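Structural description and commentary
Take a look at the letters that make up each chain.
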Amino acid sequence: MAPFITKFEPYEPEEYVIDKKSGTKSPARLEKIAIVGSGSWGTALARVAALNAAEREGFDPEVRIWVREHEIPGRGKLTEIFNRTHRNERYLPDVDLPENLVAVPSLKETVRGATLILIVVPHQYLPGILEELKEPGLISSGARAISAIKGVEVVIQKGAPQGTARIYTYPSVIEKELGIPCTALGGANIALDVGRGEFCETTIGVLSAKDAALWHAVFDGPTFRVHPIEDVAGVSLSGALKNVVALAAGFVDGMGLGGNNKAAILRIGLLEMSTFTLEFFPGSSPLTFSHHSAGVADLITTSFGGRNRKCAEAFIKSKPEYSGVKPEQRGKTFEQLEKELLNGQKLQGTLTSREVFEFLEARGRLEGYPLFEKVYRISFEEMDPKRLFEDL
Ligand SMILES: NC(=O)c1ccc[n+]([C@@H]2O[C@H](COP(=O)([O-])OP(=O)(O)OC[C@H]3O[C@@H](n4cnc5c(N)ncnc54)[C@H](O)[C@@H]3O)[C@@H](O)[C@H]2O)c1
Ligand SMILES: O=P(O)(O)OC[C@H](O)CO
């Protein structure tokens, strides 16, 4: 088993300069934080990072966040409203943000000069974003990244022999595309609760003690406790796969079943999450799933309060059998429900369910993951949701 909880000394700037006249000591350079993504989670994490940057030695207090421009009818441009009201009216409207968090409409200008880059976008948009960020000279040499994305990248070449399908975590994709080291952040973190400052924990999967200290200094605080562990792939995979299990939890709620049933689904789901990770990312640790916020705790919160659960419950309840509409009327699709229920936020579990299903099918390994398989078939192939429990 890989070494686990990372031991580290609290962050200190690497170098200081001393002012000859006054004798005062100050950091030779400041870490500059950029946030790529201003959805609900991007905004909540940006708030935490900006509060810390304003207080901690070694950090430039100005934190920049990339906000895709959007006109709010009768109010004006989202970035201007953001910088005037210190609120993200579109994605996290009820949370006050610190004044040192600055919305920037240009992606490139957000990251120019940054040394620490948090990437937190719905995973389907990452390829286009990385393409833009790859411009030569844009990312400072020595910069480091952290991914809070919950998703995976699956590559299947049509016509290629079975077994050649590949799966990648986003930290590894970011490292490859941008040529900078990338850490993973994931945990039981519903954005609005974090934005309100409610106590919670998160896990960061790090590559070194230096990264542990640095990212801990960026995010840790009295109500947002950060625990670094040496399992980048485990943290990243757990965040992606729990979204698939959260769909199953929503199916259970939609069918009106009770707590025993949901507990069984969560246990089996957690087992498939860790088995999958250890099978395809053998350096990972099962402890990430059993002991850490990124594992069991995230699965619990998402299966009770998350968007994937909510839409999956509505998906079942929209079916004729559960809603009382005429049998010839079809239930709603997830695409419809995402639009109706999430006010512009994005579902990640349905995409991940499809990606994981296609990967397992291409690798000939579906029989090892009956819950993942059924979540896909119920979501996309009109399988009767009651069949969720067959062969589990
Ligand atoms: N919301 C949460 O509670 C939460 C918690 C932990 C992790 N996450 C993960 O964080 C990641 C980001 O989620 P989120 O909740 O911040 O986002 P979100 O679901 O609130 O989606 C809004 C984001 O998508 C961007 N977007 C929308 N259309 C786009 C387009 N065409 N091109 C590029 N960007 C576009 C918006 O600019 C905004 O940044 C996801 O992987 C999610 O699973 C979310
Ligand atoms: O709202 P969900 O289902 O995307 O889940 C949100 C977070 O990932 C919970 O940690």
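Residues numbered from 1 in each chain as written. Chains lettered and ligands numbered in written order. Predicted model: local features only at pLDDT ≥ 70, side-chain atom pairs only at ≥ 80, totals over all residues. Heavy atoms only, no water.

So, the sheet that holds strand E4 (residues 63-66)
We count it as follows: Two strands make a pair as long as DSSP finds a minimum of two bridges between them. Helix and strand assignments follow DSSP, with helices taken as H or I runs no shorter than four residues and strands as E runs no shorter than two, numbered in order from the N terminus. For every element, the axis is a line fit to its C-alpha atoms; helices are fit only across the contacting stretch, and the angle between N-to-C directions ranges from 0 to 180 degrees. Here a residue-residue contact requires only that any non-hydrogen atoms of the pair lie within 4.5 Å.
Read from one edge to the other, the open sheet built from eight strands follows the order E7-E4-E3-E8-E9-E12-E13-E14, with strand pairing classed as mixed. Each end of this open sheet is capped by a strand with a single partner; those strands are strand E7 (101-104) and strand E14 (224-229). For this sheet, the mean inter-axis angle between neighbouring strands, taken without regard to orientation, is 25°. Two elements, strand E3 (residues 33-36) and E4, share three bridges in a ladder whose sense is parallel. Each bridged residue has a counterpart across the sheet, and for Ala34 the counterpart in E4 is Arg64. Helix H2 (residues 78-85) rests against E4 and E7 of the sheet, and its axis sits at about 165° to E7.

What about the site of ligand 1?
To keep it simple, the criterion reads: Near, as used in this document, describes a residue that has one of its heavy atoms within 4 Å of the molecule or strand being considered. Each polar contact in these results corresponds to two N or O atoms within 3.5 Å; when the atoms are within protein, one needs to be able to donate a hydrogen and the other to accept it, and residues that are neighboring in sequence are counted only if both atoms are side-chain atoms. We get accessible surface area from the Shrake-Rupley algorithm with a probe of 1.4 Å; when it comes to residues, only the shown protein chains can shield them. Classes in brief: Ala, Val, Leu, Ile, Met, Phe, Trp, Tyr, Cys and Pro nonpolar; Asp, Glu, Lys and Arg charged; the others, Gly included, polar. These domain limits were set by an automatic method or by a database of domain assignments.
Taken together, 21 residues are adjacent to ligand 1, and Trp41, Lys150, Asn189, Ala191 and Lys346 come closest. In the model, a nitrogen atom of ligand 1 is placed 3.2 Å from a nitrogen or oxygen of the Arg68 side chain. Contact with the protein chains covers 89% of the free accessible surface of ligand 1, which is 830 Å². The greatest single-element share of the shell around ligand 1, amounting to three residues, is contributed by helix H1 (residues 40-55). Taken together, the residues of the shell around ligand 1 break down into ten nonpolar, seven polar and four charged. No fewer than three residues from each of domain 1 (27-230) and domain 2 (241-389) sit in the shell around ligand 1.

Here's the deal with the domain arrangement of the chain
Definition in use: Summed over both partners, the accessible area lost on bringing two parts together, with a 1.4 Å probe, is the buried area. Only one rule defines a salt bridge in this text: a Lys or Arg side-chain nitrogen within 4 Å of an Asp or Glu carboxyl oxygen.
Split into domains, the chain comes out as domain 1 (27-230) and domain 2 (241-389). Taking only C-alpha atoms into account, the centre of domain 1 sits 26 Å from that of domain 2. Facing 28 residues of domain 1, the contacting portion of domain 2 comprises 30 residues. Between domain 1 and domain 2, roughly 2300 Å² of surface is buried when both sides are summed, and carbon and sulfur atoms account for 61% of that area. The largest share of the area that domain 1 buries against domain 2 comes from Lys150, Ile167 and Ile190, three residues that together contribute 21% of it. For Asp298, the salt bridge goes to Lys150, with nearest N and O atoms at 2.8 Å. For the interface between domain 1 and domain 2, the tally reads ten residue pairs in polar contact (both at pLDDT 80 or more). If you list the elements that add at least two residues to the side of domain 1 that touches domain 2, you get strand E10 (152-155), strand E11 (166-169) and strand E13 (200-205). Tallying contributions element by element places E11 first for the side of domain 1 that touches domain 2, with four residues. Class assignment for the residues of the side of domain 1 that touches domain 2 results in twelve nonpolar, twelve polar and four charged.

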